[in-house]
Amino acid sequence: MEFRHLGATGLKISEISLGNWLTHGGQIAEDAAISCVKAAQDAGISTFDTADVYSGTAAEAVLGRALAGQRRESLEIFTKVYFPTGDGVNDRGLSRKHIMESCHASLRRLQTDYIDLYQAHRYDYETPLEETLRAFDDLVRQGKVLYVGVSEWSSKQIEHAIEIAKDMGFDRIVSNQPQYSLLYRVIEEKVIPTSKKHGIGQIVWSPLAQGVLTGKYLPHQPAPQGTRASDERVNDFVKRWMDDDLLQAVQDLRPIAADLGLSLSQLSIAWVLQNKNVSSAIIGATRPEQVTENVKASGVKLSKEVMKKIDEVVGKFVISDPKLTQSPKPRA
Ligand SMILES: NC(=O)c1ccc[n+]([C@@H]2O[C@H](COP(=O)([O-])OP(=O)(O)OC[C@H]3O[C@@H](n4cnc5c(N)ncnc54)[C@H](OP(=O)(O)O)[C@@H]3O)[C@@H](O)[C@H]2O)c1
């Protein structure tokens with residue numbers, strides 16, 4: 001496993017990290033979740049991403065149990081705040097009250113004294129940014145959080161946060177967590193140039209477009225049993241990719257991967273890692289074998305010719321409109 005800096009910070013993180021959205025506390029049983037974490041660690045992954053809201057807070061608790069008792073210095077634990085964790089009007093958003101309460105609950109569930117990276121899961125249009133950034137800064141000063149970041153923020157929102165931190169002397173954001181894959185490139189036009197300017201690294205989610213870029217979903221065929229797309233509990237988001245022509249284009253990438261001795265998953269994860277502004281690609285997994293296969297993308301270099309061939313195959317399906325970087329308005 002190769003390591004990269006988290007943005008311009010001194011912290012190193014594994015360039016492939018394991019996330020537990022939909023899986024831990026949800027789609028898979030606890031023993032499978034623990035096996036995936038073990039496979040990740042066996043392969044050199046030290047960085048784990050979760051969120052207070054995943055599986056109604058159960059995902060953090062599963063990850064906490066999976067990592068309990070381990071040497072804390074050898075782990076980087078990332079979590080997030082913003083989406084509702086309860087029915088109350090204040091159980092959501094980026095107010096000082098919810099940030100403080102949610103952070104304390106995350107620390108308890110994760111069984112740790114500190115979170116390595118605490119992320120604003122979306123931009124909150126109902127809280128002044130100064131309030132959010134001061135609360136984040138207080139958590140850093142209290143030692144409960146080491147670094148702060150955001151997720152799916154636009155270039156303007158990122159710029160604004162950097163300006164406020166500078167004016168107020170707050171600890172500044174060091175990362176953004178956007179969706180990014182060879183099919184979904186909306187951050188390239190605006191978010192990445194702004195991030196580079198300010199030393200912000202991308203920790204990218206769904207590098208496999210939720211499993212679509214493994215090539216296991218075939219055009220004109222039902223999704224295989226036991227996959228995310230076949231599971232009514234978790235297939236809301238993956239459905240967007242279930243288009244026969246797009247699934248055929250993914251199959252057409254196979255020879256490119258095969259020429260390099262890679263699987264389609266490895267080629268797709270390697271694709272996001274070619275971007276130097278990416279600090280880590282967060283993969284998801286329901287089985288340990290998936291982790292073992294996917295981590296082999298670490299360190300793979302793709303030539304300009306290969307990148308061009310990929311574009312020729314999937315070009316027409318690539319989503320790149322920067323306006324798609326959005327947060328719920330009003331707040332979720
Ligand atoms: N910040 C945000 O708003 C946000 C949003 C979404 C996700 N995330 C983060 O990103 C992480 C990853 O997202 P994701 O799970 O969508 O990532 P992904 O890596 O694109 O998809 C993972 C899923 O693909 C399937 N898969 C993976 N490797 C495979 C292989 N080698 N062969 C066959 N199938 C394979 C598995 O699903 P099945 O086995 O069920 O088919 C697995 O759960 C999340 O856990 C979370 O930490 C963040």
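What you are looking at is a predicted structure, and each value in this text was computed from that prediction instead of being measured.

Rules and cut-offs
- Residues numbered from 1 in each chain as written.
- Predicted model: local features only at pLDDT ≥ 70, side-chain atom pairs only at ≥ 80, totals over all residues.
- Heavy atoms only, no water.
- 1 Å grid on protein atoms, 1.4 Å probe; cavity = no way out; pocket = protein on both sides within 12 Å on 5 of 7 lines; lining within 4 Å.
- Points joined across faces, edges and corners; volume = space filled by probe spheres on them.
- Helix = DSSP H or I, 4+ residues; strand = E, 2+ residues; numbered from the N terminus.
- Nonpolar A, V, L, I, M, F, W, Y, C, P; charged D, E, K, R; others polar.
- Near = heavy atom within 4 Å.
- Polar contact = N/O pair within 3.5 Å; in protein donor to acceptor, adjacent residues only side chain to side chain.
- Areas by Shrake-Rupley, 256 points an atom, 1.4 Å probe, with all protein chains shown as cover.
- Sits in = over half its atoms within 2 Å of the grid points.

**Quick look at the layout of surface pockets**
At step 1: Reported here for the largest pocket is a volume of approximately 1100 Å³.
At step 2: Taken together, 44 residues line the largest pocket, and the ones lying closest to its centre are Trp-21, Trp-205, Ser-206, Gln-210 and Arg-228.
At step 3: Counting residues per element, the ones that place at least two in the lining of the largest pocket are β10 (278-283) and α10 (288-294).
At step 4: Here the element with the most residues in the lining of the largest pocket is α10; it accounts for three residues.
At step 5: Here the residues of the lining of the largest pocket sort into 14 nonpolar, 21 polar and nine charged.

**Side note on the site of the ligand**
At step 1: Residues in contact with the ligand amount to 33 residues; listed here are only the nearest, Asp-49, Ser-206, Lys-216, Arg-228 and Thr-286.
At step 2: Note that an oxygen atom of the ligand is positioned 2.7 Å from one of the side-chain N or O atoms of Thr-286.
At step 3: Note that a nitrogen atom of the ligand is positioned 2.9 Å from one of the side-chain N or O atoms of Asn-294.
At step 4: In isolation the ligand has 910 Å² of accessible area, and contact with the protein removes 96% of it.
At step 5: Under a 2 Å grid-point criterion requiring more than half of the atoms, the pocket assigned to the ligand is the largest pocket.
At step 6: Elements with a minimum of two residues in the shell around the ligand: β10 and α10.
At step 7: Take the shell around the ligand: its biggest share by element is three residues, from α10.
At step 8: Classifying every residue of the shell around the ligand gives 10 nonpolar, 16 polar and seven charged.

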